[in-house]
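Each chain, letter by letter, is given below.
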Amino acid sequence: MGLKQNRIAVVTGASRGAGKGIAIALGETGATVYVTGRTRNEGDATLPGTVQVTADAVTAAGGKGVPVLCDHADDEVVRELFERVDEEHGRLDILVNNATSLHDDLVTSGPFWDKPLALTELWNVGMRSHYVASWFAAPLLQANGEGLVVNTSSFGGRIYMHGPAYGAGKAAVDKMSHDMAVDFRPFNVAVVSVWMGLLLTERSLRVFEADPDKYADLMATAETPAFTGRIIDALALDPQRMDKSGQVWIGAELAQEYGITDMSGETPPSHRAFFGPPTTFGDAIVE
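- Per an unreviewed UniProt entry, the recorded name for the protein chain is SDR family NAD(P)-dependent oxidoreductase, and the organism is Candidatus Marimicrobium litorale.
- Under the heading Sequence similarities (unreviewed entry), UniProt records this for the protein chain: "Belongs to the short-chain dehydrogenases/reductases (SDR) family."

## So, the packing of helix 1 (residues 17–27) against helix 2 (residues 51–60)
Working step 1: It is at 8 Å that the axes of helix 1 and helix 2 come closest, and there the two elements cross at 25°. Between helix 1 and helix 2, the angle is such that the two are roughly parallel. Where helix 1 crosses over helix 2, the two elements pack in a sense that is right-handed. Seen from helix 1, the contacting residues are Lys 20, Ala 23, Ile 24 and Gly 27; seen from helix 2, they are Val 53, Thr 54, Ala 57 and Val 58.

## Observations regarding the side chain of Ser 177
Working step 1: Tracing the sequence through the fold places Ser 177 in helix 5 (residues 164–184).
Working step 2: Among all residues touching Ser 177, those that are not within four sequence positions of it are Asn 151, Val 191, Val 192, Ser 193 and Gly 246.

## Regarding the packing of aromatic side chains
Working step 1: All told, the structure shown has four aromatic pairs when counted by the stated rule.
Working step 2: Look at Phe 112 and Trp 113: their rings are 5.1 Å apart centre to centre, the planes differ by 75°, and that puts the pair in the edge-to-face class. As far as the burial class goes, Phe 112 and Trp 113 line up, both exposed.
Working step 3: Taken together, a centroid distance of 4.8 Å and an interplanar angle of 50° make the contact between Phe 155 and Trp 195 tilted.

## Details of the sheet that holds strand 1 (residues 8–11)
Strands in a sheet are paired, the pairing made by backbone hydrogen bonds, and the direction either parallel or antiparallel.
Working step 1: Pairing is parallel in the open sheet, where seven strands are placed in the order 3-2-1-4-5-6-7. Looking at the sheet topology across the chains shown, the edges are occupied by strand 3 (64–69) and strand 7 (248–250). Strand-to-strand twist of the sheet, defined as the mean angle between neighbouring strand axes without regard to direction, takes the value 20°.
Working step 2: In the sheet, strand 4 (residues 94–97) pairs with strand 5 (residues 147–153) via four bridges, with the strands oriented parallel. Within strand 5, the residue paired with Val 96 across the bridge is Val 150.
Working step 3: Contacts from helix 3 (residues 75–89) reach strand 1, strand 2 (32–37), strand 3 and strand 4 within the one sheet, and its direction differs from that of strand 2 by about 165°.

## Some thoughts on the packing of helix 4 (residues 124–144) against helix 5
Working step 1: Running from amino to carboxyl end, helix 4 crosses helix 5 at an angle of 20°, the nearest separation of the two axes being 10 Å. One finds that helix 4 runs roughly parallel with respect to helix 5. In this structure, helix 4 meets helix 5 at a crossing whose hand is right-handed. Counting all contacts with helix 4, which are made through Gly 126, Met 127, His 130, Tyr 131, Ser 134, Ala 138 and Leu 141, the residues of helix 5 involved are Gly 169, Ala 172, Val 173, Met 176, Met 180 and Phe 184.
Working step 2: Of the residues assigned to the contact of helix 4 with helix 5, the class counts are nine nonpolar, four polar and no charged.

## Looking at the pattern of salt bridges
Working step 1: Under the definition given, this model contains 11 salt bridges.
Working step 2: Between Glu 88 and Arg 84 there is a salt bridge; the shortest N-O distance is 3.0 Å. Of the two residues, Glu 88 and Arg 84 are both situated in helix 3; the distance of four residues between them amounts to about one turn of the helix.

## Description of helix 9 (residues 251–258)
Working step 1: Within helix 9 the residues assigned to the buried category are Gly 251, Ala 252, Leu 254 and Ala 255. What you see down the axis of helix 9 is that its buried residues fit within an arc of 160°, all on one side.
Working step 2: At its buried positions, helix 9 is contacted by strand 6 (189–195), helix 8 (225–237) and strand 7.
Working step 3: In the segment just after helix 9, Gly 259 is the residue with positive phi, at about 75°.

## Considering unusual backbone geometry
Working step 1: One non-glycine residue, His 162, lies in the positive phi region at around 65°.
Working step 2: The residue His 162 is located in the loop between strand 5 and helix 5 in this model.
Working step 3: Look at Asn 188: it is not a glycine, yet its phi comes out positive at around 60°.
Working step 4: Structurally, the position occupied by Asn 188 is in the loop between helix 5 and strand 6.

## Focus on a negative patch on the surface
Working step 1: A cluster of acidic residues, Asp 71, Asp 74, Glu 80 and Glu 121, forms a negative patch at the surface.
Working step 2: Relative to the helices and strands, Asp 71 is located in the loop between strand 3 and helix 3.
Working step 3: Classification of Asp 71 as partly exposed rests on a relative accessible area of 32%.

Quick notes on the rules
- Residues numbered from 1 in each chain as written.
- Predicted model: local features only at pLDDT ≥ 70, side-chain atom pairs only at ≥ 80, totals over all residues.
- Heavy atoms only, no water.
- UniProt positions renumbered as here; feature names shortened; annotations may be inferred.
- Axes fitted to C-alpha atoms, helices over the stretch in contact; angles between N-to-C directions.
- Helix = DSSP H or I, 4+ residues; strand = E, 2+ residues; numbered from the N terminus.
- Parallel < 35°, antiparallel > 145°, perpendicular 65-115°, else oblique.
- Left-handed = near helix turned anticlockwise from the far one by under 90°.
- Contact = heavy atoms within 4.5 Å.
- Phe/Tyr/Trp six-rings, centres within 6.5 Å; stacked < 30°, edge-to-face > 60°.
- Buried < 20%, exposed > 50% of the residue type's maximum accessible area, 1.4 Å probe, protein only.
- Pairing = 2+ DSSP bridges.
- Nonpolar A, V, L, I, M, F, W, Y, C, P; charged D, E, K, R; others polar.
- Salt bridge = Lys/Arg side-chain N within 4 Å of Asp/Glu carboxyl O.
- Arc of directions from axis to C-beta.
- Patch = residues over 30% accessible without salt bridge, like charges linked within 9 Å, V, L, I, M, F, W, Y side chains within 5 Å.
- Areas by Shrake-Rupley, 256 points an atom, 1.4 Å probe, with all protein chains shown as cover.
- Lys, Arg positive; Asp, Glu negative; His and termini not counted.
- Charge placed at Lys NZ, Arg CZ, Asp CG, Glu CD.

The structure is reproduced here in structure tokens:
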């Protein structure tokens, strides 16, 4: 069956960026969306956005936005988040693991030893945090009798992108999605990793606006953050979504399959031709 009505969703790392767009897109379907992030007030972070602003946008879109200040590096705070969802609803339909720690030097050119060790923080918030959130969410997803877990990822899980810290983190998220799907399958909970394209986030727009001529071609193929949210909605509606569980998917290709467009009314291109196909994993299970 498709997850259609009265959805309860958690979107992590949604003060801004991909998480914000995903949360708002799910709000457009009427969902109750718990929006997590660390930013309480504008100015607390170097980029604009807060959990309250996103939650308000979810509500304005037609859903119910619930702002939750949550540092996903703190397991106790994450436990409290899902305890709250349990107390208020007793179930969970959709979990989107998106929270990621991105250091400002991530996109600086050069070998990894010239970059700060702080880049490895994305192995904590961005890899481990996905595991922890899924661990606490598991009883709620099982109680629902069906569900969807989406781990946002990128082509960096397959190619050299921003260096080995980023690549290792994304590759781990993709493999983790595959393995989680094995454990969740008896409970009719699908787990997928979705490779997003270049996103028009606050971070990337800041780079584009600094040199618009240089990045004009890239901007023409970029995706809005809401695009991934629409894809997740389609996955949730798909009665055959378990057939996709345990796999890595290119978001733009799922959009083509489901007939989804971005805010512009067009479907952004897949970058398979440049970066290659999604990672695949073996079928053997060793318990």
